[in-house]
Amino acid sequence: MKQPIIKVGIIQNQDSITFNIFGEFILNNKLKIKDRKLTAIPNGKKIFLKENDTIIYSDETLNFVPVKNNYNIEDAKYRFEIENVMIGIDFHWEQKERESFEGNFLIINKNNMLTLINEIEVERYLQSVIASEMNSESPFEYLKAHSIVSRSWLLAQLENRKKNYLKEQKFQITDTEKIIWHDKTEHEDFDVCADDHCQRYQGLTRLKGNAALLAVRETFGMVLTYNQKICDTRYSKCCGGITEEFQNVWQDTYYPYLKSIRDSRNSNEKKPESENEFENFIKSNPDAYCNTTDENLLKKVLNEFDLITKDFYRWKIEIKQLALKTLFEIKLGIDFGEIKELIPLERGKSGRIKKLKIVGTKKEFTIGKELEIRRALSEKHLYSSAFVIEPVFKEGSDIPCKFILHGAGWGHGVGFCQIGGAVMASEGKKFDEILKHYFPDADLVKIY
Ligand SMILES: [Zn+2]
Ligand SMILES: [Zn+2]
(Lines give C-alpha, C1' and ligand atoms only; values in the text may rest on other atoms or scores of the structure.)
(Ligands and ions follow the chains in the order given, each with its own letter.)
Protein backbone atom coordinates (compact mmCIF):
# COMPACT_ATOMS: atom_id res chain seq x y z
CA MET A 1 0.00 0.00 0.00
CA LYS A 2 1.14 3.51 -0.77
CA GLN A 3 0.61 6.27 1.74
CA PRO A 4 -2.63 8.18 1.12
CA ILE A 5 -2.80 11.77 -0.03
CA ILE A 6 -4.74 14.07 2.26
CA LYS A 7 -6.66 17.19 1.28
CA VAL A 8 -6.18 20.03 3.74
CA GLY A 9 -8.34 23.18 3.59
CA ILE A 10 -5.79 25.92 4.23
CA ILE A 11 -8.08 28.94 3.90
CA GLN A 12 -11.80 29.01 3.25
CA ASN A 13 -14.44 31.41 1.92
CA GLN A 14 -12.19 34.28 0.87
CA ASP A 15 -13.04 36.99 -1.61
CA SER A 16 -9.45 36.92 -2.81
CA ILE A 17 -6.29 34.91 -2.12
CA THR A 18 -2.79 36.26 -2.65
CA PHE A 19 0.09 33.82 -2.79
CA ASN A 20 3.73 33.55 -3.79
CA ILE A 21 5.05 30.69 -5.86
CA PHE A 22 8.66 29.58 -5.45
CA GLY A 23 10.13 27.26 -8.04
CA GLU A 24 8.18 25.99 -11.02
CA PHE A 25 4.54 24.84 -10.94
CA ILE A 26 2.25 23.73 -13.77
CA LEU A 27 -1.23 25.27 -13.71
CA ASN A 28 -4.16 23.16 -14.98
CA ASN A 29 -1.76 21.07 -17.08
CA LYS A 30 -1.28 24.09 -19.35
CA LEU A 31 0.66 26.98 -18.01
CA LYS A 32 4.17 27.05 -16.51
CA ILE A 33 4.44 29.43 -13.56
CA LYS A 34 7.70 30.21 -11.83
CA ASP A 35 8.64 32.53 -8.93
CA ARG A 36 5.58 34.77 -9.09
CA LYS A 37 3.26 36.66 -6.80
CA LEU A 38 -0.36 36.09 -7.82
CA THR A 39 -3.88 36.89 -6.70
CA ALA A 40 -6.97 34.77 -7.33
CA ILE A 41 -10.39 36.46 -7.49
CA PRO A 42 -13.78 34.79 -8.01
CA ASN A 43 -15.83 35.94 -10.96
CA GLY A 44 -19.16 34.23 -11.54
CA LYS A 45 -18.36 30.55 -11.92
CA LYS A 46 -14.79 31.30 -12.82
CA ILE A 47 -11.64 32.32 -11.03
CA PHE A 48 -9.46 35.09 -12.40
CA LEU A 49 -5.75 34.77 -11.77
CA LYS A 50 -4.06 38.13 -11.65
CA GLU A 51 -0.52 39.38 -11.62
CA ASN A 52 -0.13 43.11 -10.96
CA ASP A 53 -3.78 43.77 -11.89
CA THR A 54 -3.47 41.94 -15.20
CA ILE A 55 -5.55 38.82 -15.66
CA ILE A 56 -3.13 36.11 -16.82
CA TYR A 57 -5.48 33.13 -16.69
CA SER A 58 -9.03 32.11 -15.84
CA ASP A 59 -10.85 28.84 -15.26
CA GLU A 60 -13.39 27.25 -12.90
CA THR A 61 -10.71 25.78 -10.63
CA LEU A 62 -6.99 26.42 -10.48
CA ASN A 63 -4.82 23.36 -9.94
CA PHE A 64 -1.13 23.94 -9.28
CA VAL A 65 1.34 21.04 -9.41
CA PRO A 66 5.01 21.54 -8.55
CA VAL A 67 7.46 20.28 -11.15
CA LYS A 68 9.19 18.39 -8.34
CA ASN A 69 8.22 17.42 -4.81
CA ASN A 70 10.42 18.47 -1.96
CA TYR A 71 12.37 15.75 -0.27
CA ASN A 72 14.28 17.95 2.03
CA ILE A 73 12.89 20.65 4.31
CA GLU A 74 16.11 22.65 4.35
CA ASP A 75 15.94 22.94 0.61
CA ALA A 76 12.25 23.50 -0.08
CA LYS A 77 12.61 24.93 -3.56
CA TYR A 78 9.12 24.13 -4.75
CA ARG A 79 6.70 25.72 -2.37
CA PHE A 80 4.00 28.33 -2.07
CA GLU A 81 3.41 30.96 0.53
CA ILE A 82 0.14 32.48 1.63
CA GLU A 83 -0.11 35.75 3.42
CA ASN A 84 -2.80 36.32 6.02
CA VAL A 85 -3.58 32.78 7.10
CA MET A 86 -5.79 33.07 10.15
CA ILE A 87 -4.76 30.67 12.92
CA GLY A 88 -6.37 29.90 16.27
CA ILE A 89 -9.80 30.97 15.01
CA ASP A 90 -12.07 31.73 17.99
CA PHE A 91 -9.26 31.15 20.48
CA HIS A 92 -7.45 33.86 22.36
CA TRP A 93 -4.34 33.48 20.21
CA GLU A 94 -6.24 34.21 16.98
CA GLN A 95 -3.79 35.91 14.62
CA LYS A 96 -2.71 36.17 11.01
CA GLU A 97 0.46 34.50 9.80
CA ARG A 98 2.43 34.15 6.63
CA GLU A 99 2.73 30.45 6.00
CA SER A 100 4.66 28.26 3.65
CA PHE A 101 3.49 24.96 2.10
CA GLU A 102 4.62 22.27 -0.32
CA GLY A 103 2.86 19.85 -2.65
CA ASN A 104 -0.06 20.39 -5.01
CA PHE A 105 -2.69 22.97 -4.30
CA LEU A 106 -5.97 23.90 -5.81
CA ILE A 107 -8.24 26.89 -5.54
CA ILE A 108 -11.97 26.32 -5.88
CA ASN A 109 -14.84 28.73 -6.27
CA LYS A 110 -17.98 28.14 -4.25
CA ASN A 111 -20.73 30.76 -4.38
CA ASN A 112 -18.23 33.39 -5.42
CA MET A 113 -15.91 32.62 -2.51
CA LEU A 114 -12.50 30.97 -2.76
CA THR A 115 -11.05 28.04 -0.84
CA LEU A 116 -7.45 26.89 -1.12
CA ILE A 117 -6.79 23.19 -0.65
CA ASN A 118 -3.36 21.63 -0.23
CA GLU A 119 -2.91 18.01 -1.35
CA ILE A 120 -0.10 16.37 0.48
CA GLU A 121 1.22 12.94 1.48
CA VAL A 122 -0.04 11.84 4.89
CA GLU A 123 3.48 11.51 6.32
CA ARG A 124 4.45 15.07 5.42
CA TYR A 125 1.17 16.32 6.81
CA LEU A 126 1.84 14.45 10.07
CA GLN A 127 5.33 15.85 10.41
CA SER A 128 3.88 19.30 10.22
CA VAL A 129 1.00 18.62 12.62
CA ILE A 130 3.21 16.96 15.24
CA ALA A 131 5.72 19.82 14.94
CA SER A 132 2.95 22.41 15.37
CA GLU A 133 1.21 20.72 18.27
CA MET A 134 4.08 19.14 20.18
CA ASN A 135 7.01 20.66 21.93
CA SER A 136 10.07 19.19 20.21
CA GLU A 137 11.85 18.92 23.59
CA SER A 138 9.36 16.27 24.73
CA PRO A 139 10.88 12.83 25.41
CA PHE A 140 11.60 11.27 22.03
CA GLU A 141 9.83 7.93 22.70
CA TYR A 142 6.75 9.96 23.62
CA LEU A 143 6.91 11.84 20.32
CA LYS A 144 7.17 8.50 18.51
CA ALA A 145 4.20 7.04 20.40
CA HIS A 146 2.21 10.20 19.70
CA SER A 147 3.10 10.08 16.00
CA ILE A 148 1.55 6.61 15.78
CA VAL A 149 -1.54 7.70 17.71
CA SER A 150 -2.01 10.76 15.49
CA ARG A 151 -1.43 8.76 12.30
CA SER A 152 -3.94 6.09 13.33
CA TRP A 153 -6.52 8.73 14.27
CA LEU A 154 -6.06 10.54 10.98
CA LEU A 155 -6.30 7.43 8.77
CA ALA A 156 -9.35 6.26 10.75
CA GLN A 157 -11.02 9.64 10.10
CA LEU A 158 -10.38 9.23 6.36
CA GLU A 159 -12.16 5.86 6.60
CA ASN A 160 -15.00 7.37 8.66
CA ARG A 161 -15.41 10.06 6.02
CA LYS A 162 -16.01 7.42 3.39
CA LYS A 163 -18.65 5.79 5.61
CA ASN A 164 -20.43 9.07 6.33
CA TYR A 165 -19.94 8.35 10.02
CA LEU A 166 -19.30 12.00 10.74
CA LYS A 167 -22.76 12.92 9.50
CA GLU A 168 -24.47 10.65 12.01
CA GLN A 169 -26.80 12.25 14.50
CA LYS A 170 -25.02 13.52 17.57
CA PHE A 171 -27.81 14.27 20.02
CA GLN A 172 -30.86 12.93 21.86
CA ILE A 173 -33.16 15.68 23.07
CA THR A 174 -36.43 15.27 25.00
CA ASP A 175 -38.45 17.48 27.37
CA THR A 176 -36.41 16.33 30.33
CA GLU A 177 -32.95 15.81 28.92
CA LYS A 178 -30.44 16.97 26.36
CA ILE A 179 -27.68 14.48 25.61
CA ILE A 180 -25.36 15.84 23.00
CA TRP A 181 -21.81 15.05 21.91
CA HIS A 182 -19.36 16.82 19.72
CA ASP A 183 -16.94 15.36 17.22
CA LYS A 184 -14.98 16.87 14.39
CA THR A 185 -17.62 17.84 11.85
CA GLU A 186 -17.27 16.94 8.26
CA HIS A 187 -15.79 19.34 5.76
CA GLU A 188 -17.35 19.06 2.35
CA ASP A 189 -14.50 19.86 0.00
CA PHE A 190 -11.51 18.51 1.88
CA ASP A 191 -10.53 15.97 4.57
CA VAL A 192 -9.33 18.28 7.33
CA CYS A 193 -8.96 22.00 7.87
CA ALA A 194 -5.63 23.51 8.90
CA ASP A 195 -6.85 25.11 12.10
CA ASP A 196 -7.29 23.83 15.66
CA HIS A 197 -10.79 22.72 14.72
CA CYS A 198 -9.18 19.62 13.18
CA GLN A 199 -5.44 19.64 13.81
CA ARG A 200 -3.23 22.66 13.41
CA TYR A 201 -1.27 22.40 10.15
CA GLN A 202 1.19 25.09 9.25
CA GLY A 203 2.94 23.42 6.34
CA LEU A 204 6.67 23.93 6.28
CA THR A 205 6.46 26.86 8.65
CA ARG A 206 7.77 25.25 11.84
CA LEU A 207 9.42 22.13 10.57
CA LYS A 208 13.07 22.99 10.39
CA GLY A 209 15.22 21.17 12.93
CA ASN A 210 12.16 19.87 14.80
CA ALA A 211 12.51 16.51 16.60
CA ALA A 212 8.92 15.75 15.64
CA LEU A 213 10.12 15.34 12.07
CA LEU A 214 12.40 12.50 13.09
CA ALA A 215 9.75 10.90 15.31
CA VAL A 216 7.34 10.72 12.37
CA ARG A 217 10.06 9.44 10.04
CA GLU A 218 11.15 6.72 12.45
CA THR A 219 7.59 5.43 12.73
CA PHE A 220 6.81 5.80 9.00
CA GLY A 221 3.56 3.96 8.11
CA MET A 222 3.06 2.51 11.61
CA VAL A 223 -0.47 2.42 13.01
CA LEU A 224 -2.49 0.63 15.67
CA THR A 225 -4.97 -1.90 14.33
CA TYR A 226 -7.67 -4.15 15.77
CA ASN A 227 -9.12 -7.02 13.72
CA GLN A 228 -7.10 -5.70 10.76
CA LYS A 229 -8.77 -2.31 10.92
CA ILE A 230 -7.05 0.93 11.80
CA CYS A 231 -7.94 2.06 15.33
CA ASP A 232 -9.74 5.35 15.84
CA THR A 233 -7.22 6.31 18.51
CA ARG A 234 -8.20 9.26 20.66
CA TYR A 235 -6.00 11.25 23.02
CA SER A 236 -6.33 13.87 25.70
CA LYS A 237 -4.11 15.71 28.19
CA CYS A 238 -4.62 13.77 31.44
CA CYS A 239 -6.95 10.85 32.10
CA GLY A 240 -7.02 11.44 35.85
CA GLY A 241 -5.83 7.94 36.78
CA ILE A 242 -8.22 5.81 34.71
CA THR A 243 -8.90 6.16 30.99
CA GLU A 244 -12.46 6.70 29.73
CA GLU A 245 -14.28 4.70 27.04
CA PHE A 246 -15.48 6.00 23.68
CA GLN A 247 -19.21 5.43 24.19
CA ASN A 248 -19.24 7.60 27.31
CA VAL A 249 -18.00 10.61 25.36
CA TRP A 250 -19.25 10.17 21.79
CA GLN A 251 -21.58 7.71 19.98
CA ASP A 252 -22.88 4.66 21.82
CA THR A 253 -20.39 2.34 20.13
CA TYR A 254 -18.00 0.22 22.16
CA TYR A 255 -14.48 -0.01 20.76
CA PRO A 256 -12.59 -2.89 22.43
CA TYR A 257 -9.22 -1.27 21.69
CA LEU A 258 -10.29 1.81 23.67
CA LYS A 259 -11.22 -0.14 26.78
CA SER A 260 -10.62 1.65 30.05
CA ILE A 261 -7.30 1.02 31.80
CA ARG A 262 -5.85 2.05 35.11
CA ASP A 263 -3.05 4.48 34.17
CA SER A 264 -0.71 3.28 36.88
CA ARG A 265 2.37 1.15 37.24
CA ASN A 266 0.07 -1.56 38.61
CA SER A 267 -2.69 -1.63 36.00
CA ASN A 268 -4.53 -4.51 37.69
CA GLU A 269 -5.65 -2.31 40.57
CA LYS A 270 -9.39 -2.41 41.08
CA LYS A 271 -11.39 0.34 39.40
CA PRO A 272 -14.16 2.20 41.23
CA GLU A 273 -17.74 1.28 40.34
CA SER A 274 -20.19 2.69 42.85
CA GLU A 275 -20.78 6.41 43.42
CA ASN A 276 -19.08 6.00 46.79
CA GLU A 277 -15.99 4.41 45.26
CA PHE A 278 -15.81 7.14 42.61
CA GLU A 279 -16.03 9.79 45.30
CA ASN A 280 -13.12 8.19 47.19
CA PHE A 281 -11.11 7.85 43.98
CA ILE A 282 -11.61 11.45 42.85
CA LYS A 283 -11.06 12.96 46.29
CA SER A 284 -7.87 10.95 46.90
CA ASN A 285 -4.55 11.22 45.12
CA PRO A 286 -3.96 7.73 43.65
CA ASP A 287 -0.75 6.73 41.93
CA ALA A 288 -0.78 7.11 38.13
CA TYR A 289 1.68 7.91 35.38
CA CYS A 290 -0.14 11.21 34.82
CA ASN A 291 0.00 12.04 38.53
CA THR A 292 3.12 14.15 38.18
CA THR A 293 4.31 17.52 39.37
CA ASP A 294 7.59 17.33 37.45
CA GLU A 295 7.61 20.91 36.16
CA ASN A 296 10.56 20.31 33.93
CA LEU A 297 8.79 17.54 32.09
CA LEU A 298 5.46 19.36 31.96
CA LYS A 299 7.13 22.41 30.45
CA LYS A 300 8.49 20.20 27.68
CA VAL A 301 5.21 18.47 26.99
CA LEU A 302 2.70 21.31 27.27
CA ASN A 303 3.36 24.21 24.92
CA GLU A 304 1.07 26.48 26.88
CA PHE A 305 2.41 25.38 30.28
CA ASP A 306 3.03 28.87 31.59
CA LEU A 307 -0.60 29.80 31.05
CA ILE A 308 -2.20 26.94 32.89
CA THR A 309 -2.68 25.47 36.30
CA LYS A 310 -0.40 22.72 37.48
CA ASP A 311 -3.29 21.08 39.33
CA PHE A 312 -4.81 19.12 36.50
CA TYR A 313 -4.57 15.66 38.07
CA ARG A 314 -6.75 16.66 41.00
CA TRP A 315 -8.44 20.07 40.95
CA LYS A 316 -11.04 21.96 42.93
CA ILE A 317 -13.29 24.86 42.01
CA GLU A 318 -16.09 26.74 43.72
CA ILE A 319 -19.19 28.12 42.01
CA LYS A 320 -21.52 30.48 43.82
CA GLN A 321 -25.30 29.97 43.56
CA LEU A 322 -25.91 33.09 41.49
CA ALA A 323 -22.98 32.39 39.15
CA LEU A 324 -24.20 28.85 38.50
CA LYS A 325 -27.79 29.92 37.94
CA THR A 326 -26.57 32.58 35.48
CA LEU A 327 -24.29 30.12 33.68
CA PHE A 328 -27.19 27.73 33.12
CA GLU A 329 -29.33 30.57 31.78
CA ILE A 330 -26.63 31.55 29.30
CA LYS A 331 -25.28 28.14 28.36
CA LEU A 332 -28.46 26.06 28.44
CA GLY A 333 -31.08 28.77 28.04
CA ILE A 334 -32.89 27.43 31.08
CA ASP A 335 -34.09 29.30 34.16
CA PHE A 336 -33.89 26.71 36.95
CA GLY A 337 -34.79 29.16 39.69
CA GLU A 338 -32.39 28.46 42.55
CA ILE A 339 -30.16 25.45 42.08
CA LYS A 340 -30.89 22.87 44.77
CA GLU A 341 -28.89 19.87 43.62
CA LEU A 342 -26.50 18.55 40.98
CA ILE A 343 -26.83 14.78 40.73
CA PRO A 344 -24.49 12.53 38.73
CA LEU A 345 -26.87 9.98 37.16
CA GLU A 346 -24.27 8.07 35.18
CA ARG A 347 -20.51 7.99 35.19
CA GLY A 348 -18.08 6.45 32.72
CA LYS A 349 -15.22 4.18 33.72
CA SER A 350 -12.90 7.06 34.63
CA GLY A 351 -15.47 8.79 36.82
CA ARG A 352 -16.40 11.27 34.10
CA ILE A 353 -20.04 12.18 34.47
CA LYS A 354 -22.04 11.15 31.43
CA LYS A 355 -25.44 12.39 32.64
CA LEU A 356 -25.89 15.16 35.19
CA LYS A 357 -29.28 16.01 36.63
CA ILE A 358 -29.79 19.65 37.59
CA VAL A 359 -32.51 20.21 40.18
CA GLY A 360 -33.74 23.78 40.57
CA THR A 361 -36.67 25.30 42.43
CA LYS A 362 -38.44 25.85 39.07
CA LYS A 363 -37.22 23.04 36.88
CA GLU A 364 -35.35 19.75 36.66
CA PHE A 365 -33.30 18.86 33.61
CA THR A 366 -30.57 16.36 32.69
CA ILE A 367 -27.58 17.16 30.49
CA GLY A 368 -24.77 15.11 28.91
CA LYS A 369 -22.35 13.94 27.64
CA GLU A 370 -19.06 15.06 29.13
CA LEU A 371 -18.28 18.09 26.94
CA GLU A 372 -21.77 19.53 27.33
CA ILE A 373 -21.43 19.21 31.11
CA ARG A 374 -18.00 20.87 31.06
CA ARG A 375 -19.39 23.75 28.99
CA ALA A 376 -22.51 24.28 31.07
CA LEU A 377 -20.69 24.54 34.39
CA SER A 378 -17.97 26.95 33.40
CA GLU A 379 -17.50 30.17 31.45
CA LYS A 380 -15.05 28.29 29.22
CA HIS A 381 -14.67 24.59 29.98
CA LEU A 382 -14.23 22.63 33.15
CA TYR A 383 -11.03 20.60 33.01
CA SER A 384 -13.12 17.43 32.86
CA SER A 385 -16.50 16.04 33.83
CA ALA A 386 -14.94 13.72 36.44
CA PHE A 387 -15.98 15.56 39.55
CA VAL A 388 -17.72 15.16 42.89
CA ILE A 389 -20.21 17.81 44.00
CA GLU A 390 -20.18 19.26 47.50
CA PRO A 391 -23.02 21.70 48.20
CA VAL A 392 -22.35 24.30 50.90
CA PHE A 393 -25.25 25.73 52.94
CA LYS A 394 -25.60 28.85 55.03
CA GLU A 395 -27.15 28.16 58.43
CA GLY A 396 -30.90 27.84 58.29
CA SER A 397 -31.12 27.63 54.48
CA ASP A 398 -31.87 24.54 52.45
CA ILE A 399 -30.63 26.17 49.22
CA PRO A 400 -26.85 25.82 48.74
CA CYS A 401 -25.00 29.17 48.71
CA LYS A 402 -22.27 27.55 46.64
CA PHE A 403 -21.05 24.28 45.17
CA ILE A 404 -17.51 22.93 45.48
CA LEU A 405 -16.44 20.64 42.65
CA HIS A 406 -13.62 18.20 43.37
CA GLY A 407 -12.31 17.06 40.00
CA ALA A 408 -9.89 14.71 38.27
CA GLY A 409 -8.08 14.88 34.93
CA TRP A 410 -8.01 17.17 31.92
CA GLY A 411 -9.90 16.44 28.70
CA HIS A 412 -12.15 13.53 27.69
CA GLY A 413 -9.68 10.92 28.94
CA VAL A 414 -10.26 8.41 26.13
CA GLY A 415 -7.31 6.46 24.71
CA PHE A 416 -3.82 7.93 24.95
CA CYS A 417 -3.07 10.00 28.07
CA GLN A 418 -0.52 12.57 26.86
CA ILE A 419 0.96 13.46 30.23
CA GLY A 420 1.01 9.82 31.33
CA GLY A 421 2.70 8.83 28.06
CA ALA A 422 5.34 11.52 28.49
CA VAL A 423 6.06 10.36 32.05
CA MET A 424 6.38 6.74 30.86
CA ALA A 425 8.88 7.85 28.22
CA SER A 426 10.83 9.89 30.76
CA GLU A 427 11.04 6.74 32.91
CA GLY A 428 12.71 4.90 30.04
CA LYS A 429 9.74 3.12 28.43
CA LYS A 430 9.88 2.60 24.65
CA PHE A 431 7.14 3.81 22.32
CA ASP A 432 5.72 0.32 21.78
CA GLU A 433 5.48 -0.33 25.54
CA ILE A 434 3.70 2.99 25.97
CA LEU A 435 1.17 2.12 23.26
CA LYS A 436 0.66 -1.38 24.72
CA HIS A 437 -0.18 0.23 28.06
CA TYR A 438 -2.90 2.56 26.69
CA PHE A 439 -4.18 0.25 23.92
CA PRO A 440 -3.54 -3.24 25.36
CA ASP A 441 -5.57 -5.10 22.73
CA ALA A 442 -4.38 -3.25 19.63
CA ASP A 443 -1.65 -4.45 17.28
CA LEU A 444 1.19 -2.28 16.09
CA VAL A 445 1.46 -2.69 12.31
CA LYS A 446 3.38 -1.00 9.49
CA ILE A 447 0.85 -0.59 6.69
CA TYR A 448 3.08 1.09 4.10
ZN1 LIG B 1 -11.78 21.23 10.70
ZN1 LIG C 1 -3.38 9.34 32.69
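Structure shown above.
Right, let's walk through the structure included here. Because the structure is a prediction, the values reported are computed rather than measured. (Residues numbered from 1 in each chain as written. Chains lettered and ligands numbered in written order. Predicted model: local features only at pLDDT ≥ 70, side-chain atom pairs only at ≥ 80, totals over all residues. Heavy atoms only, no water.)

**Focus on unusual backbone geometry**
Going from glycine 368 to lysine 369, the amide bond is cis rather than trans, its omega being -5 degrees. With respect to the helices, strands and loops of the structure, lysine 369 is situated in the loop between β20 (364-368) and α7 (370-376). The backbone of aspartate 53 sits at a positive phi, close to 70 degrees, despite the residue not being glycine. With respect to the secondary-structure elements, aspartate 53 resides in the loop between β4 (46-51) and β5 (54-59). (Helix = DSSP H or I, 4+ residues; strand = E, 2+ residues; numbered from the N terminus.)

**Brief notes about the coordination of the zinc ion (ligand 2)**
Looking at the zinc ion (ligand 2), one finds its protein donor set to be Cys239 (SG), Asp263 (OD), Cys290 (SG) and Cys417 (SG), positioned 2.1 to 2.3 Å from the metal centre. Note that the zinc ion (ligand 2) binds four donor atoms; their angles at the metal cover 104 to 119 degrees, and the shape is tetrahedral. For the zinc ion (ligand 2), the donor residues sit on a single chain with the sequence spacing C-x23-D-x26-C-x126-C. In this pair, aspartate 263 is assigned in the loop between β16 (235-236) and α4 (275-283) and cysteine 417 in strand β23 (residues 416-417), connecting sequence segments 154 residues apart. Each member of the pair, aspartate 263 together with cysteine 417, is buried. (Donors = N, O, S within 2.8 Å, 3.2 Å for Na, K, Ca; no water. Tetrahedral: all angles 85-135°; square planar, octahedral: opposite > 155°, others 65-115°. Buried < 20%, exposed > 50% of the residue type's maximum accessible area, 1.4 Å probe, protein only.)

**Focus on helix α3 (residues 211-218)**
Listing the buried residues of α3 in full gives Ala212, Leu213, Ala215 and Val216. Buried residues in α3, looked at end-on, bunch into an arc of 165 degrees, giving them a common side. Those residues of α3 that are buried are in contact with α1 (122-133) and α2 (140-162). (Arc of directions from axis to C-beta. Contact = heavy atoms within 4.5 Å.)

**Observations concerning the side chain of glutamine 127**
With respect to the helices and strands, the residue glutamine 127 is situated in helix α1. Every residue in contact with glutamine 127, bar those within four places of it in the chain, is listed here: Leu207, Leu213, Val216 and Arg217.

**Quick word on the sheet that holds strand β22 (residues 400-408)**
Read from one edge to the other, the open sheet built from three strands follows the order β17-β22-β21, with strand pairing classed as antiparallel. Where the open sheet ends on each side, the last strands, each with one partner, are β17 (314-320) and β21 (387-393). Adjacent strand axes in the sheet meet at a mean angle of 20 degrees when their direction is disregarded. Packing against the sheet, α4 makes contact with β17, β21 and β22, and its axis sits at approximately 90 degrees to β21. In the packing of helix α6 (residues 321-332) onto the sheet, contacts are made with β17 and β22, and the angle to β17 comes to roughly 90 degrees. (Pairing = 2+ DSSP bridges. Axes fitted to C-alpha atoms, helices over the stretch in contact; angles between N-to-C directions.)

**Things to note about the environment of lysine 320**
Following the sequence through the fold, lysine 320 ends up in strand β17. Between the C-alpha atoms of lysine 320 and proline 391, which are 71 residues apart in sequence, the distance is 9.9 Å. The residues touching lysine 320, leaving out its near neighbours within four places in the chain, are Cys401 and Lys402.

**Some points on the packing of aromatic side chains**
What the rule picks out here adds up to 19 aromatic pairs. Taking the centre distance of 5.5 Å and the plane angle of 80 degrees together, the rings of phenylalanine 19 and phenylalanine 105 count as edge-to-face. With phenylalanine 19 in strand β2 (residues 17-27) and phenylalanine 105 in strand β9 (residues 104-110), the pair connects residues that are 86 residues apart, well separated along the chain. This pair shows no difference in class: phenylalanine 19 is buried, exactly as phenylalanine 105 is. What links up through ring pairs into an aromatic cluster is the set Phe19, Phe25, Phe64, Phe80, Phe101, Phe105, Tyr125 and Tyr201. Above the face of the phenylalanine 22 ring, arginine 79 is positioned so that its terminal group lies 4.2 Å from the ring centre. The positively charged end of lysine 369 is found above the aromatic ring belonging to tryptophan 181, 4.5 Å away from the centroid. (Phe/Tyr/Trp six-rings, centres within 6.5 Å; stacked < 30°, edge-to-face > 60°. Lys NZ or Arg CZ within 6 Å of the ring centre and 35° of its normal.)

**Thoughts on the pattern of salt bridges**
For side chains bearing opposite charge, pairing can occur when the charged atoms are close. One pass over the structure, following the stated rule, counts 29 salt bridges. Linking arginine 36 and glutamate 51 is a salt bridge whose minimum nitrogen-to-oxygen distance equals 2.8 Å. Residue arginine 36 is located in strand β3 (residues 31-43), and its partner glutamate 51 is located in strand β4; the two are separated by 15 residues in the primary sequence. Taking relative accessible area as the criterion, arginine 36 reaches 25% and is therefore assigned partly exposed. Ionic pairing is found between lysine 259 and aspartate 441, a salt bridge with its closest N-O pair at 3.1 Å. Here lysine 259 is found in the loop between β16 and α4, whereas its partner aspartate 441 is found in the loop between α9 (431-438) and β24 (443-446), with 182 residues between them in sequence. One network of salt bridges, with partners in common, ties together Glu177, Glu346, Lys354 and Lys355. (Salt bridge = Lys/Arg side-chain N within 4 Å of Asp/Glu carboxyl O.)

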